[in-house]
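# Topology and contacts: notes
Spelled out from the first residue to the last, the chains are:
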Amino acid sequence: MALLVKRFEVCNVRSMKQFSRLPRRSFIKGLGLTVPVIMGGPGLALAQSNAASVLPARATKGFADEPQADLIIIGGGLGGCAAALAAARNGLRVIMTEETDWIGGQLTAQAVPPDENPWIETFGGTRSYLNLRAQIRDYYLRHFPLTAAARANSYLNPGNGWVSRLCHEPRVALAVLNQLLAPFVSGQRVLVLLRHKPVGASTSGDRIQAVQVRSLETGNEALLRAPFFVDATELGDLLPLTKTEYVTGAESQKDTGEPHAPAEPEPNNMQAFTCCFAMDYLAGEDHTIEKPREYGFWRRFVPPIQPPWPGPLISWAYSDPISRKSKSLETDPGKGTGLWSYRRIADKSQFVEGTYPGDISLVNWPQNDYMLGNLCEVSAEEAARHLARAKQLSLSLLYWLQSEAPRPDGGTGWKGIRLRPDVVGTEDGLAKYPYIRESRRIRAEFTVTEQHVSTELRMKETSTKREDVKAAEFKDSVGIGSYRIDLHPSTGGNNSIDISSLPFQIPLGALLPQRVENLMPACKNLGVTHITNGCYRLHPVEWNIGEAVGVLAAFCMTKKRIPREVRKQGTLLKEYQNLLTEQGVPLVWPKVGPR
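Residue numbers here run from 1 along each chain, matching the order of that chain's written sequence. Reporting of local features is limited, given that this is a predicted model, to residues whose pLDDT is at least 70; pairs of side-chain atoms are given and counted only at 80 or more, and all residues count toward the totals for whole chains, interfaces and linings. No hydrogens and no water enter the side-chain calculation; it runs on all heavy atoms of the structure.

Here we come to the overall build of the protein. Scanning the protein from N- to C-terminus turns up 18 helices and 23 strands. Three labels apply to residues, based on accessible area from a 1.4 Å probe with only protein chains included: buried if under 20% of the type maximum, exposed if over 50%, partly exposed otherwise in between. For the protein, the residues scored as buried account for 61% of the 595 residues in total. Contacts between residues were defined by any pair of non-hydrogen atoms, one from each residue, lying within 4.5 Å. Here the contacts in the protein between residues at least 6 apart in sequence split such that 73% fall between residues at least 24 apart. Surface exposure here means Shrake-Rupley accessible area, sampled with a 1.4 Å probe, where a residue is shielded only by the protein chains that are shown. Carbon and sulfur atoms make up 50% of the accessible area of the protein, which totals about 22100 Å². A run of H or I in DSSP counts as a helix once it spans at least four residues, and a run of E counts as a strand once it spans at least two, with each numbered from the N terminus.

Okay, here's the thing in structure tokens:
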């Protein structure tokens, strides 16, 4: 720890009195006040850009003289936010860091509207997740000039995209998440450190003592201490830093027994990631971007995968994820058809005329999946190269749409397609963070495999008809989820895997590392496999995982136990599960069919 530029020890007074405390002025100086830090009320929490998020020194007046934390959450995505809210409402003091300047992860910084189960309007998520959805709709009702018909629609879908029942702009979700956190931020229950990244950790035996974070604005470093830690990062960044055992890529059939697993382990074979962007269409105008420097490469690029892709990646023809046969959708931004409406996040027809000059479509399409390399388990330089190339792929797709894409009327390109940097809050018009589908995963006390959730495998194992079959039941359930086992093309040369799965439970054992006692996952880094990650990685499931670990941290603080003991001792497990149920976390599914 001698290498620390700045040192900050956040101690829980009850259990960590041996560590020194810093007065308020030293604490603030250690953080470096040219970084975005949410410490105030709703006004500060709604800041949506680097400049607007910077706190002047005077804004820190009134912050606790001796900052304390019961829980450190590294990563401010959906799981991190859910964990922070759950822990705070159960009495804990929380510090949450976020690498970007937007909390919300895949819903905001990655710009992806929610992928959900078909029952989500009434059940199939936690009460707090359903409230998040309701608050997003309410935000539109309170702040946007909707048409009478749209205002009367209790199931308003602002974008009318067909991938989700709630396609919306990422800034709206950002505002709502900050509103949900605002009472705890103002009450000094939650401190959010934006633009901070973990760079080191201190451990003792099987426990994490502290996590070292660095401001991406100033380079200042801080040491965060608490009894419990949550890794809610998109790539499982805390796992190698804390020497927590983990796996990456595809496990072998020998390891998991999964029919869709490879014969040998492929640790570098991970799902493609995507640099998403938003665009609208203004007929008669010319918004063609400068030709991307790698356009020639990506225009000719044919994915080197098996079964084979039908041709160049940038074309209307793509590989159907289920049949893996060639498929194309007639797309016309002027008519709002095909892929244009797939993830459309603003349908101008639902708003008073003149509100939007055109529909806004979010591009997370098969054509901009980047599958030539990974962002984790490689050097920082290699990761940066892959990210830069992924951005070039997305910009090349945009340029193709503007200039060469075959139109239904026989022409080519739509010059009126306009990149919308303002929608995603960046200068280059691409989302603040790539859309991550797969990360490092803990070696967990229990790992969910294909055999636990696959419709066909469960039918075979239980000799049950399709309409009656259920996923494996877990006595230590801490929540539920449902999505098809959906794997995008991978960096190891595999085409999509998209197979039917059953509504499933989230076992507590999948949230507990085999060895480390005080670390819990809250993103895509739980105890699943390369295969089952495909159904556990989506928005409502990530939220449920985060909420479950936030409640678990509070429960363990109250009971003076470690998470592993809760799972092992029946009475403790039942008490914890009752607490989850009381707070609106469903643990079992009613009878529903497969996906």
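The subject of this paragraph is the sheet that holds strand S11 (residues 277-281). Strand order in this open sheet of four strands is S14-S15-S11-S17, and the pairing throughout is antiparallel. Bordering the open sheet on either side are strand S14 (344-346) and strand S17 (417-419), each of which pairs with just one other strand. In this sheet, neighbouring strand axes are inclined to one another by 35 degrees on average, regardless of whether the strands run parallel or antiparallel. Here, a strand pair is defined by DSSP locating no fewer than two bridges between the strands. Bridge count between S14 and strand S15 (residues 360-363): two bridges; the pairing is antiparallel. Considered in S15, the bridge of arginine 344 is made with serine 361. The axes used here are C-alpha line fits, helices contributing only the stretch in contact, and every angle between their N-to-C directions lies in the interval 0 to 180 degrees.

Turning to the packing of aromatic side chains, a few remarks are in order. Ring geometry is summarised as follows: Phe, Tyr and Trp rings, the Trp one being its six-membered ring, pair when their centres sit within 6.5 Å, and such pairs are stacked at plane angles under 30 degrees, edge-to-face over 60 and tilted between the two. In total, this model carries 20 aromatic pairs according to the counting rule given. Ring geometry for phenylalanine 504 against tyrosine 536: centres 4.0 Å apart, planes inclined by 20 degrees, an arrangement best described as stacked. Note that phenylalanine 504 is positioned in strand S22 (residues 504-507) and tyrosine 536 in helix H15 (residues 533-536), a separation of 32 residues in sequence. Just as phenylalanine 504 is buried, tyrosine 536 falls in that class too. Between the aromatic rings of phenylalanine 555 and tyrosine 576, the centroid separation amounts to 5.8 Å while the plane-to-plane angle is 40 degrees, which identifies the pairing as tilted. Here the residue phenylalanine 555 occupies a position in helix H16 (residues 539-559), and tyrosine 576 occupies one in helix H18 (residues 570-582), the gap between them amounting to 21 residues. The exposure class of tyrosine 576 is buried, given its relative accessible area of 0%. Taken together through their ring pairs, the aromatic side chains of Phe273, Phe297, Trp298, Phe301 and Tyr370 make up a single cluster. Lying across the ring of phenylalanine 297, arginine 389 places its NZ or CZ 4.5 Å from the centre. Lysine NZ or arginine CZ positioned within 6 Å of the ring centre and within 35 degrees of the ring normal marks a charge as sitting over the ring. One residue, lysine 432, lies across the ring of tryptophan 102, its end atom 4.9 Å from the ring centre.

The next point concerns the packing of helix H4 (residues 78-89) against H16. Interaxial distance between H4 and H16 falls to 7 Å at its minimum, and their mutual angle equals 35 degrees. Read as a crossing pair, H4 and H16 show a hand that is right-handed. For the pair H4 and H16, the contacting residues are Leu78, Gly79, Cys81, Ala82, Ala83, Leu85, Ala86, Ala87 and Arg89 in the first and His539, Glu542, Trp543, Gly546, Glu547, Val549, Gly550 and Val551 in the second. Looking at the contact of H4 with H16 residue by residue, the classes come out as 10 nonpolar, four polar and three charged. Crossings are sorted by hand: turned counterclockwise from the far helix by less than a right angle, the near helix makes the crossing left-handed, and turned clockwise it makes it right-handed. Under this grouping Gly is polar, as are all residues other than the nonpolar Ala, Val, Leu, Ile, Met, Phe, Trp, Tyr, Cys and Pro and the charged Asp, Glu, Lys and Arg.

With respect to the helices, strands and loops of the structure, aspartate 347 is situated in the loop between S14 and S15. Aside from chain neighbours lying at most four places away, what touches aspartate 347 is Pro158, Gly159, Asn160 and Asp359.

Below, the discussion takes up the nonpolar core. Leu132, Tyr536 and Tyr576 are the most contacted members of the largest nonpolar core, which totals 148 residues. The dominant element in this core, judged by the number of residues it contributes, is H16, at 12 residues. For tyrosine 536, the contacting residues outside a window of four places in its chain are Val448, Val453, Phe474, Phe504, Gln505, Ile506, Pro507, Leu526, Val528, Val541 and Ile545. Each nonpolar core is a collection of buried residues, namely Ala, Val, Leu, Ile, Met, Phe, Trp, Tyr and Cys, held together in the definition by side-chain atoms within 4.5 Å. Ala69, Ile72, Ile95 and Ala444 belong to the second largest nonpolar core, which has 19 residues in total.

Helix span, expected: 1.5 Å multiplied by one less than the number of residues in the helix. In this model H18 runs 18 Å from its N-terminal to its C-terminal C-alpha over 13 residues, within 8% of the 18 Å that 1.5 Å per residue would give. Buried within H18 are the following residues: Leu572, Leu573, Tyr576, Gln577 and Leu580. Along the long axis of H18, the arc covered by the buried residues comes to 130 degrees, so they all point the same way. Pointing more than 90 degrees away from the buried face of H18 are the exposed residues Gly570, Thr571 and Glu582. Packed against the buried residues of H18 are strand S19 (477-481), H16 and helix H17 (563-568). Within two residues after H18, glycine 584 carries a phi angle of roughly 90 degrees, on the positive side. Note that the arc is computed from the directions linking the helix axis to the C-beta atoms.

Turning our attention to unusual backbone geometry. In the segment running from glutamine 306 into proline 307, the intervening peptide bond is cis, with an omega of -15 degrees. The residue proline 307 is located in the loop between helix H10 (295-300) and strand S12 (318-319) in this model. For lysine 243, which is not glycine, the phi dihedral falls at a positive 60 degrees. The residue lysine 243 is located in the loop between helix H8 (238-241) and strand S9 (246-247) in this model. Phi is positive for glutamate 377, which is not a glycine, with a value near 65 degrees. Here glutamate 377 lies in the loop between strand S16 (369-370) and helix H11 (380-403).

Take a side-chain nitrogen of Lys or Arg and a carboxyl oxygen of Asp or Glu: if they are within 4 Å of each other, that pair is a salt bridge. Taken as a whole and judged by the stated rule, the model has 40 salt bridges. The salt bridge involving glutamate 456 is made with arginine 466; its shortest N-O contact spans 2.9 Å. Remark: arginine 466 occurs in the loop between helix H14 (455-462) and S19 and glutamate 456 occurs in helix H14; sequence separation between them is 10 residues. When the shortest N-O distance is used, the salt bridge between lysine 524 and glutamate 542 registers 3.8 Å. With a gap of 18 residues between them, lysine 524 in the loop between strand S23 (519-521) and H15 and glutamate 542 in helix H16 connect regions that are remote in the sequence.

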